[in-house]
Amino acid sequence: MTTHVVHDTDVLLRRSLRHILRSPDTIITTAVTPIAMLLLFVYVFGSAIDVGSDSYVNYLLPGILLITVASGIAYTAFRLFTDVSGGVFERFQSMPIARPAFLWGHVLTSVVANLTSLVIVVIVALLMGFRTGAGVLAWLAVLGIMVLFTLALTWLAVIPGLTAKSVDGVSGFSYPLIFLPFVSSAFVPTEGMPAPVRWFAEHQPVTPIVNTIRDLFAGQPVGGEGVIAVAWCVGLLLVAYALAMRTYRRKIT
Amino acid sequence: MTTPAGIEIVGLTKAYGDHAVLEGVDLVVSAGTIHALLGSNGAGKTTVVKILSTLLRPDGGSAAVAGHDVVTAAARVRESISLTGQFAAVDEILTGRENLVLIAELRRIADPGGVADALLTRFDLTGVAGQRVATYSGGLRRRLDIAMSLIGEPPVLFLDEPTTGLDPQSRLEVWKTVRELAGHGTTVLLTTQYLDEAEQLADRIAVLHDGRIIADGTLAELKQLLPPTTVEYVEKQPSLEDIFLAIVGHDGAATKETR
């Protein structure tokens, strides 16, 4: 059975990766919004924002990476929705395929697609003057956090992908996720925010994740915030996975 | 008694909320036959097919496909069946050949490429094999859909309204394919709302109405349910279908199959 899961997931992963290769615009569209924000904030608003000694592009990039993933998972939900609404889903379900393979194929595709978008965004940031003293280990740590974060949001995206009635319903769910970084330390330090806003900003997942990636890029030691960041990612991942699997089980029985 | 490759349905019930769709369906499909399930829109034909193909759980009663219970042995049922749903379930972004290879790989067939090529030839799809399915016409799509269902040669095939929305030529092609399948010993449960389709293809015809099978038998048996035949003399006019097929130059062999 386990070998079936791996084999079937592999076949379905290659299928949806081929979808992405045939429509690379999904990767480009995913990267365009974060890149536009990067340009806007660095070259327009950046001069008015005081983030201390660091250059603003260095300060901003971690938050932009999270926004990239948040907009990228809309396509994950869309690809699932297309399968469900088009009948391909029912064909697969009536075949002797390992049950989890259908979802895992889409989830792994989402990770590959989002990492590709992230690489594009980082390249643009480098062209805009982003510099890091991060070593190999720090880069691996950033990669690890981004993969965890992508997995968490992807499993969340599975839910509308399976249940949405229309294309609008599929893409709508990601907007709040894209805007969550605005009320965090992603764009400006939280110190200047009014007390209730500041409290929210410092207790929502984006702030510790952004601060941790910033420290890793700056080559500084990651303190307790790194633990909180990973805990948020893992916690979100587990909750999203459980909810998505429950939705899936309801859908297939 | 059900032979191993047949279908046996006993007292099947299914409701969506308060709306009862199936209210005790009984049906036996013998192995290697084509059985048509006839009914108007909303009669519950698709619900029966979805339960038999393990996509829906019945509320009550039992159903066995190829000797396996659809609820307790769903995995075994899936190994014995193939479903061609109401809407062609094809991957639009992949090419026709890639669709076939995909299904062959998922069914763990030894030579996916070879199987795909053989089906492309058999279904006359070789010319469009390398094109994305998004560019296919409805008839081509349905042909590919049925070709995908035949991979792995499952002993039981469900065809849910296979010709709905097809032009007359594509319809004849689908009929031809279904007849060939039955010739090879495949058990076919075919749902349709077209009476002539059931008459053309099926060994037996069951009528689903108000959640129950109200008639089930061969065409000859069903005809006996009606008052005795009266003889009338009518002038035989060509049907519009005959005219359409004649003027678009359809090949003679298939035209003969229409009445």
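Residues numbered from 1 in each chain as written. Chains lettered and ligands numbered in written order. Predicted model: local features only at pLDDT ≥ 70, side-chain atom pairs only at ≥ 80, totals over all residues. Heavy atoms only, no water.

- An unreviewed UniProt entry lists chain B under the name ABC-2 type transport system ATP-binding protein, from Humibacillus xanthopallidus.
- Of chain B, the UniProt comment under Sequence similarities (unreviewed entry) reads exactly: "Belongs to the ABC transporter superfamily."
- Reading the Subcellular location (unreviewed entry) entry of the UniProt record for chain B gives the comment "Cell membrane". (UniProt positions renumbered as here; feature names shortened; annotations may be inferred.)

- Looking at an unreviewed UniProt entry, one finds chain A named Transport permease protein, with Humibacillus xanthopallidus as its source organism.
- UniProt, in its Sequence similarities (unreviewed entry) section for chain A, records the words "Belongs to the ABC-2 integral membrane protein family."

**Thoughts on the interface of chain A and chain B**
Buried accessible area, meaning the area lost when the parts come together, often serves as the stated size of an interface.
(1) Moving on: Facing 24 residues of chain A, the contacting portion of chain B comprises 27 residues.
(2) Moving on: Area buried by chain A at its contact with chain B is led by Arg 22, Arg 91 and Pro 96 of chain A, which between them contribute 30% of it.
(3) Moving on: At the boundary of chain A with chain B, the tally comes to eleven residue pairs in polar contact (both at pLDDT 80 or more).
(4) Moving on: The set of elements that each furnish at least two residues to the side of chain A that touches chain B consists of helix 1 (2-22) and helix 4 (88-93) of chain A.
(5) Moving on: At ten residues, the largest contribution of residues to the side of chain A that touches chain B is made by helix 1 of chain A.
(6) Moving on: Looking at the side of chain A that touches chain B residue by residue, the classes come out as eight nonpolar, eight polar and eight charged. (Contact = heavy atoms within 4.5 Å. Buried area = accessible area lost by both parts, 1.4 Å probe. Polar contact = N/O pair within 3.5 Å; in protein donor to acceptor, adjacent residues only side chain to side chain. Helix = DSSP H or I, 4+ residues; strand = E, 2+ residues; numbered from the N terminus. Nonpolar A, V, L, I, M, F, W, Y, C, P; charged D, E, K, R; others polar.)

**Some words on the sheet that holds strand 7 (residues 156-160) of chain B**
All names here are of chain B.
(1) Moving on: Spatial strand order, 6-7-8-3-9-10: six strands in an open sheet with mixed pairing. The open sheet has two free edges, formed respectively by strand 6 (81-84) and strand 10 (212-217), since each of these has just one partner strand. Going across the sheet, the axis of each strand differs from the next one's by a mean of 15 degrees, ignoring polarity.
(2) Moving on: Across five bridges, the pairing between strand 3 (residues 34-38) and strand 8 (residues 187-192) is parallel. Bridge pairing links His 35 to Leu 189 in strand 8.
(3) Moving on: Here helix 5 (residues 138-150) sits on the sheet and contacts strand 6 and strand 7; the angle it forms with strand 6, its principal contact strand, is near 170 degrees. (Pairing = 2+ DSSP bridges. Axes fitted to C-alpha atoms, helices over the stretch in contact; angles between N-to-C directions.)

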